[in-house]
Amino acid sequence: MGESSFFSFVIDHVSQFLSYTAFANYTMGHLIMICVGLIFIYLAIAKGFEPMLLVPIGFGILIGNIAFQPGYEIGIYEHGSVLNYLYFGVRYGIYPPLIFLGIGAMTDFSALISNPKLIVVGAAAQLGIFGAYAIALALGFSPNEAGAIGIIGGADGPTAIFLSSKLAPDLIGAIAISAYSYMALVPVIQPPIMRLLTTKKERVIRMKPSRAVSKKEKIIFAIAGMILTTSIVPSGLPLLGMLFLGNLLKESGVTKRLADTAQGAMIDIVTILIGLTVGASTQATTFLTVKSIGIFVLGALSFAIATFGGVMFVKIFNLFLKDGNKINPLIGNAGVSAVPHSARVSQVVGLSYDKTNHLLMHAMGPNVAGVIGSAVAAGILLSFLG
Amino acid sequence: MRLIRNKFLAVVISLIGLGVGQLYGQSALDLRINEVLVYNDSNYVDDFGVHSPWIEIFNSAYNTVDIGGLYLTDDLSQPMKYPIFKGQPITQIPPRSYIVFWADDKPTRGILHLNFTLEAGKTIALFDANGRTLVDSVTIPHSVIRDVTYGRLVDGGAEWGNLDKSTPNADNDTSVKVLAGDEFARMDPTGLGMAAIAMTVVFLALALLSVFFKYMGKVMSIDIKKQLEARAAAKARAGVQAVVGEEEASELELTGELNAAIAMTLYLYATELHDAENTVLTINRVSRTYSPWSSKIYGLRKFPN
C-alpha cells in the first residue's frame, strides 16, 4: 500500500513536471517562430547579414518561443519576470535614444557638411514612411498603427522601436523585426529599383571630390544641427538630442573617454538588450497574427518607396544643376538611414558600371542625413498622432 | 584674476539657485483649485459616510507635485488658515492628477478634512509654503446649485461654470474625446495630407540645415587670420619699399659703423674662403650587446624613492 502510494506520488509529480516542460506546451506557432529565429541566426552567421543585430534578435526569438506555463514570472509579458524588466527599456523607448547616442559618437558627418545639398536627398527618401502610412491606412490599420508601421521605411531600427512604443506598443515586436530584417536585406531590395530608375549615362556621373572639413565646422554642426532640427520638431528631441550629443562628444576632442564609451561598450550593451528583448517579444501567442504578416509586407513596400523617392529626387534635382555639379542618382537610395549599408549599396552598384567611380563618400552624406530625416519624421508622426 | 573667477562662480551659483527656486515655485504654482461642491445633500460622501462640501485641487504639471506645506483658506486675511500636512504620501499629487479636501470644519478627522466650510460668496484660496504667494483662488458665486459642482470646464482651464457631472478625482471635461490619430484619419482618410505636410516639414528641417551649412562652409573658408596676415605683409612690403626709397635717396649718407661692417665682411670672406674641408667624417654603427651583468639596476644598493 505504502509502495503503491509512493509510486503514484512519483508518477503524479513526474507527469506534473512533464506537463510543465516546453515539449508539452509547444504549439505550431512556437515551432514556426523557432524556425524564424534559426533562419535569422543562419543569415547572420553564414551570410553575414547584420550579425550584430540578427544574432541577438534571432536568439531572442528562440528564447521568446520556448513554451512554458504562464504564472511563473518567466515570459517577457509577465509582470515581475527578468525579461519583462529588460523589456521595460523597449516599451518606454529608453534604449533607442541610447543607441542614437552611440550612433552619433560613431558617425562622421564630414561628407554631409562638405556638400550640404546632399542633405535634402536624405529628406526625399523619407517618402517611404508616409507612402507606407497611406497604404496601411487603406488596408484598415488604425492611424496610430499606420504611423508606427510607416516608420519602417525610415530604415532605422531604434527610431521604429521608439515610435511604435509610443503609438502602437502592441506592434513593437513585429515592427522591430520587420525594420531590422529589411535593413539586413537592403543589398537585395535596393539595387533592382536603382537600376530600374536610372539610365546608363546617369549611373556613371562623376561627382566632385568632397572638400576637407575643419574640426570647428564639425563641432558647430553638432550644436547647430540639434538646435535647428529639434526647434522644428521638438518631439524628435530624445532621438536627435542624443544623436548630436554623441557626435559632439566625438568631435569636440576633449571627451574621448565618453565618446569611446558611447560608441563602444554602451551601444554594445544596449544593442544586446534591445535585440534580445525585441526578439523575445515575438512570442508566438502574441506575434503570429495577420497583422504581423501585413506589417512585413508593408515594411518591404516602404523600403521600396523610400528608395524610389531618393533616386527620383536626385534625378529631378539634377535638372536644376549645372554640368559638372550633377549628382549621381545611385546615391539617392542612401537617403534611407540604414547606415552604412545603403551607402555601401550605392558604392557597389556604382562600381559595377564604372570601376573607378567611387560613390561611397558621396553616399554617406544622404545616408547620415537620412538618420536625421527619419528622426524628424518620427517626431512629426508623434506630434500628429500621439 | 582669482577675485574675478570667484565672482563669476558666485554669479553662476546664484543663477542656478534662482533657477532651482524658480523650478520649485513653478511646481507649486502649477496647482489649481479645479472643482468645488458647496452644498452636498446627496452627492459624494467622505470616508466617514457624511455628505460634506469638498474642494478638488488639480496638478496641471507633468511632474509630481507635493501639496504638503501649502495652505488652504477661505479668508484672504488669514492665508495660513489650514496648513496642509507635510511628508504624507497622500499629499504627493501625480502628474495631471487630483486631491480632494473635505470642507467640513472637522480637522480632527484627518489631514484631508479642513477647518472651514464652504458657502456661496466665499473666496477659497491656495497659498504657497511661504504663506504669501497666492497660488490660486476662486470666489464661489451665489448662483451655485445644490449637489451640482462648480468647476473649471476643462481641467486647469480659465473658464468656470456649473458642471454637468460631479467629477471628484476625475477629469472635469466628460465629453467624449476623439484621439488625435482618429481625428487626423477622419480629416485625411487617404493619408495624402499627412504625407504632404510631413514631407514638407522634413524637407524644411533638412533644407534649413543644408542652407546653414552651405553658408557656414563659406564663412569658415574665409580665413580671417590669413587675410589679416596678408594685409600686414602687404603693409610691411609697402613700408620696406618706402625705406628702400629713402635709403636710395640718402645713398651718400653712409655712416662710419656701416663702412666698418662692410669692410669686416669683405675681409672675412677673402681670408676664410676655401673649397674643400680637410676633415674626414666617418659614421660607423656601434652595437652593444646587452648583458644583465653589466646592468646598473643590479648594482643598486639603495631603493629608489
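Residues numbered from 1 in each chain as written. Chains lettered and ligands numbered in written order. Predicted model: local features only at pLDDT ≥ 70, side-chain atom pairs only at ≥ 80, totals over all residues. Heavy atoms only, no water.

Remarks on the sheet that holds strand S7 (residues 98–102) of chain B
Residue and element names in this part refer to chain B. Pairing within the open sheet is antiparallel, and its 5 strands lie in the order S7-S2-S1-S10-S11. Bordering the open sheet on either side are S7 and strand S11 (160–162), each of which pairs with just one other strand. Pairwise comparison of adjacent strand axes, ignoring direction, gives a mean angle of 30° for this sheet. Of the pairings in the sheet, the one linking strand S2 (residues 54–59) to S7 comprises 5 bridges and is antiparallel in character. Bridge pairing in S7 links tryptophan 54 to tryptophan 102. (Pairing = 2+ DSSP bridges. Helix = DSSP H or I, 4+ residues; strand = E, 2+ residues; numbered from the N terminus. Axes fitted to C-alpha atoms, helices over the stretch in contact; angles between N-to-C directions.)

Let's talk about the packing of helix H13 (residues 186–197) of chain A against helix H20 (residues 341–353) of chain A
All names here are of chain A. The interhelical angle for the contact between H13 and H20, taken along N-to-C directions, is 50°, at an axis separation of 10 Å. With respect to H20, the axis of H13 lies oblique. Every pair of crossing elements has a handedness; the one defined by H13 and H20 is right-handed. Along its contact with H13, which presents Val186, Pro187, Gln190, Pro191, Met194 and Arg195, the element H20 presents His341, Ser342, Val345, Ser346, Val349, Ser352 and Tyr353. Grouping the amino acids of the contact of H13 with H20 by side-chain chemistry returns 7 nonpolar, 5 polar and 1 charged. (Parallel < 35°, antiparallel > 145°, perpendicular 65-115°, else oblique. Left-handed = near helix turned anticlockwise from the far one by under 90°. Contact = heavy atoms within 4.5 Å. Nonpolar A, V, L, I, M, F, W, Y, C, P; charged D, E, K, R; others polar.)

Examining the nonpolar core
Formed by 122 residues in total, the largest nonpolar core has its most connected members in Phe130 and Ile372 of chain A. No other element matches helix H21 (residues 360–385) of chain A, which puts 14 residues into this core. Grouped together as the second largest cluster of nonpolar side chains are 30 residues, Ile99, Phe116, Val138 and Ile140 of chain B included. (Core = buried A, V, L, I, M, F, W, Y, C linked by side-chain atoms within 4.5 Å. Buried < 20%, exposed > 50% of the residue type's maximum accessible area, 1.4 Å probe, protein only.)

Considering the layout of surface pockets
Its boundaries defined by the atoms lining it, the largest pocket holds a volume of some 700 Å³. Of all the secondary structure elements, the ones that give two or more residues to the lining of the largest pocket are helix H4 (51–64), helix H6 (95–106), helix H11 (157–167), helix H12 (172–184), helix H17 (256–280) and H21 of chain A. Top contributing element to the lining of the largest pocket by residue count: H17 of chain A, with 6 residues. For the lining of the largest pocket, a count of residues per class yields 18 nonpolar, 6 polar and 4 charged. One number sums up the size of the second largest pocket: a volume of about 520 Å³. What lines the second largest pocket is a set of 25 residues, among which Ser114, Asn115, Pro116 and Lys117 of chain A together with Lys214 of chain B lie closest to the centre. Of all the elements in the fold, those that place two or more residues in the lining of the second largest pocket are helix H7 (110–114) of chain A together with helix H3 (192–221) of chain B. (1 Å grid on protein atoms, 1.4 Å probe; cavity = no way out; pocket = protein on both sides within 12 Å on 5 of 7 lines; lining within 4 Å. Points joined across faces, edges and corners; volume = space filled by probe spheres on them.)

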